[in-house]
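What follows is each chain in one-letter form.
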Amino acid sequence: MNKPNRSARIALAVALVATSAIASTESTKEKSTMSQTSISAALLPSTHVQADCRAVTVDGERAVLTRFIRSDGRNAGLGGEHFSTVFSETGVLKGFANMSLELVEKPLPTRERTEQIARSFLQDNAPDLLERMEISWIEPHDEPLKTVRNGRTEVVTLTGMKVKARNLADGRWFWVIVGRDEKPMVFERDIVWISFPGKRKTEKWLHDAWLVEQPASTSTAGV
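Owing to the predicted nature of the structure, the values given are computational and were not obtained by experimental measurement.

**Q** What is the right way to read the side chain of T114 from this model?
**A** Residue placement: T114 occurs in helix α2 (residues 111–125). Among the polar contacts listed, one links the side chain of T114 to the backbone oxygen of T110, at a separation of 2.7 Å. Those residues within four positions of T114 in sequence are excluded, and the remaining contacts are P109, I138, M161, V163 and V178.

Here you go:
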């Protein structure tokens, strides 16, 4: 039997590489979809519906920002109530935020209970961060929340217990903020901090105050 000539061998190799690349791409898409479905099922309030989904970048990496608002439209504008997620292109949960008026009341969990809840969340959603986790502090953390009452806009304070930690493997920061309902309210990971002049480098896609300052082309639409 004659051996295949050089051109035929090259064509076969190209076909195999292409097939492998397609399979890899489909696997990545499936992983991303599964991750988003998982986080939504576990944390997304049943009162919310999707309002916007767009491509963004996080420290040069492509990601997807998805925003959910209450189905009744309550406090739906920027600065108001929303549940937002950021997933990397490979399906890694980079962060989420649940800004809800329902979390304004009730007592805060203790530091011990907060750490327990945070570690449990990380074990399920970002176990790699637990391997070399160094907690910096656990303290109350305030976020402003715009509400409309009797036709007037008011700002109330949404407070949670924040576990701020550093990943000693790469020096980046991450945190979990636990709400008054003893559930994770905010999570962000892989935050790059510039020591001088002392500011955050990583984009703040989950922060409405930051979104408002961005050009129209990058602001969140549909809300």
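Moving on, there is more to tell.
**Q** Can you help me understand unusual backbone geometry in this one?
**A** A negative phi angle is the norm for most residues apart from glycine, just as the trans form is the norm for most peptide bonds. Of note, the phi angle at D59 is positive, near 50 degrees, even though the residue is not glycine. With a phi angle near 75 degrees, K106 is a residue other than glycine that sits in the positive phi range. Locating K106 in the fold gives a position in the loop between β4 (93–99) and α2. When its relative accessible area of 54% is taken as the criterion, K106 is described as exposed.

**Q** Is there a simple way to explain the pattern of salt bridges in this structure?
**A** Note that side chains of opposite charge can pair when their charged atoms are close. Tallied over the full model, the rule gives 16 salt bridges. Two residues, R149 and E154, come together in a salt bridge whose shortest N-O distance is 3.8 Å. A relative accessible area of 39% means that R149 is categorised as partly exposed. Residue E154 is classed as partly exposed on the basis of its relative accessible area, which comes to 32%. By sharing partners, the salt bridges in this structure join E61, K94, D128, R189 and D190 into a single network.

**Q** How should empty space enclosed by the protein be read in this particular structure?
**A** In this structure the tally under the stated criterion is 1 cavity of 30 Å³ or more. What the largest cavity holds in volume is close to 100 Å³. Together, 13 residues line the largest cavity, and V58, K94, E188, R200 and E203 are the ones closest to its centre. Only β4 and β8 (184–191) provide two or more residues apiece to the lining of the largest cavity. Broken down by element, the residue count for the lining of the largest cavity peaks at 3 residues, all from β8. Taken together, the residues of the lining of the largest cavity sort by class into 5 nonpolar, 2 polar and 6 charged.

**Q** How should the environment of A118 be read in this particular structure?
**A** Within the secondary structure, A118 sits in helix α2. Separated by 59 residues in the primary sequence, A118 and I177 place their C-alpha atoms 7.7 Å from one another. Not counting residues up to four positions away in its chain, the partners in contact with A118 are V163, V176 and V178.

**Q** How should the packing of aromatic side chains be read in this particular structure?
**A** The relation between two aromatic rings is expressed through the spacing of the ring centres and the mutual angle of the planes. Applying the stated criterion across every chain, the model contains 5 aromatic pairs. Among the aromatic side chains, those forming a connected cluster through ring pairs are F68, F83, F96, F121 and F187. When the ring centre of W175 is taken as origin, the NZ or CZ atom of K162, which lies over that ring, is 4.1 Å away. It is K164 that lies over the ring of W173; its NZ or CZ is 4.9 Å from the centre.

**Q** I tried to follow the sheet that holds β4 on my own but got confused; where do I start?
**A** Adjacent strands of a sheet form backbone hydrogen bonds with each other and so pair up, either parallel or antiparallel. Sheet architecture is open: 8 strands sit in the order β1-β2-β3-β4-β8-β7-β6-β5, paired in antiparallel fashion. The sheet terminates laterally at β1 (48–58) and β5 (133–149), the two strands that pair on one side only. Between one strand and the next, the sheet's axes are offset by a mean angle of 20 degrees, whatever the strand orientation. For strand β3 (residues 82–88) and β4, the ladder comprises 6 bridges, and the chain directions are antiparallel. Within the sheet, the bridge partner assigned to F83 lies in β4 and is N98. The sheet strands contacting α2 are β4, β5, β6 (152–167), β7 (173–178) and β8, and the helix crosses β5 at an angle near 95 degrees.

What counts as what
Residues numbered from 1 in each chain as written. Predicted model: local features only at pLDDT ≥ 70, side-chain atom pairs only at ≥ 80, totals over all residues. Heavy atoms only, no water. Helix = DSSP H or I, 4+ residues; strand = E, 2+ residues; numbered from the N terminus. Polar contact = N/O pair within 3.5 Å; in protein donor to acceptor, adjacent residues only side chain to side chain. Contact = heavy atoms within 4.5 Å. Buried < 20%, exposed > 50% of the residue type's maximum accessible area, 1.4 Å probe, protein only. Salt bridge = Lys/Arg side-chain N within 4 Å of Asp/Glu carboxyl O. 1 Å grid on protein atoms, 1.4 Å probe; cavity = no way out; pocket = protein on both sides within 12 Å on 5 of 7 lines; lining within 4 Å. Points joined across faces, edges and corners; volume = space filled by probe spheres on them. Nonpolar A, V, L, I, M, F, W, Y, C, P; charged D, E, K, R; others polar. Phe/Tyr/Trp six-rings, centres within 6.5 Å; stacked < 30°, edge-to-face > 60°. Lys NZ or Arg CZ within 6 Å of the ring centre and 35° of its normal. Pairing = 2+ DSSP bridges. Axes fitted to C-alpha atoms, helices over the stretch in contact; angles between N-to-C directions.

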